[in-house]
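# Examining the three-dimensional arrangement
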Amino acid sequence: KLGSTAIGVRTNEGVVLAVEKRLASPLVEADSVEKVMEIDTHLGAAMSGLVADARTLIDKARVEAQNHVFTFNEPMRVASVAQSISDVAIGFG
């Protein structure tokens, strides 16, 4: 089976993130599955595939964003967060 679908659409007013929740078991409560998460007040992420790996990347992005705010007293740019997450993802192999 393929992973679930995650998509992001950018507009002039903001961004829309949408995901498909595929429940592997009828015993899983649909409300307990979160696939769109906040990284910082101005950043969000949608996940698809292995949720555990995505949560690791999101946790890393949150730490990087907060360290940047504490160090420079300004929000981290989206491109910088994406580069930081990419560096970690490449390390997974």
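Each value, and the rule that gives it
Residues numbered from 1 in each chain as written. Predicted model: local features only at pLDDT ≥ 70, side-chain atom pairs only at ≥ 80, totals over all residues. Heavy atoms only, no water. Helix = DSSP H or I, 4+ residues; strand = E, 2+ residues; numbered from the N terminus. Buried < 20%, exposed > 50% of the residue type's maximum accessible area, 1.4 Å probe, protein only. Contact = heavy atoms within 4.5 Å. Polar contact = N/O pair within 3.5 Å; in protein donor to acceptor, adjacent residues only side chain to side chain. Salt bridge = Lys/Arg side-chain N within 4 Å of Asp/Glu carboxyl O. 1 Å grid on protein atoms, 1.4 Å probe; cavity = no way out; pocket = protein on both sides within 12 Å on 5 of 7 lines; lining within 4 Å. Points joined across faces, edges and corners; volume = space filled by probe spheres on them. Nonpolar A, V, L, I, M, F, W, Y, C, P; charged D, E, K, R; others polar.

### Overview of the environment of S4
Position of S4 relative to the elements: it lies in the segment before β1 (6-10). Taking the relative accessible area as the measure of exposure, S4 reaches 9% and is therefore buried. Those residues in contact with S4 that sit more than four places away from it in its chain are E20, R22, K35, S48 and G49. In terms of polar contacts, S4 uses its side chain to reach the backbone carbonyl oxygen of E20, at 3.4 Å. At a separation of 2.9 Å, a polar atom in the side chain of S4 contacts the side chain of K35.

### Topic: the pattern of salt bridges
In this structure the tally under the stated criterion is three salt bridges. For the salt bridge of D59 with R62, the shortest nitrogen-to-oxygen distance reads 3.8 Å. Separated by three residues within a single helix, D59 and R62 lie in helix α1 (residues 51-72), roughly one turn from each other. Given a relative accessible area of 29%, R62 falls into the partly exposed group.

### Some points on the layout of surface pockets
Space inside the largest pocket adds up to approximately 310 Å³. Surrounding the largest pocket, 14 residues form its lining, I39, G44, A45, A46 and I85 being those nearest its centre. For the lining of the largest pocket, the secondary-structure elements that each account for two or more residues are β4 (43-46), α1 and α2 (78-92). Across the lining of the largest pocket, the residue classes break down as twelve nonpolar, two polar and no charged.

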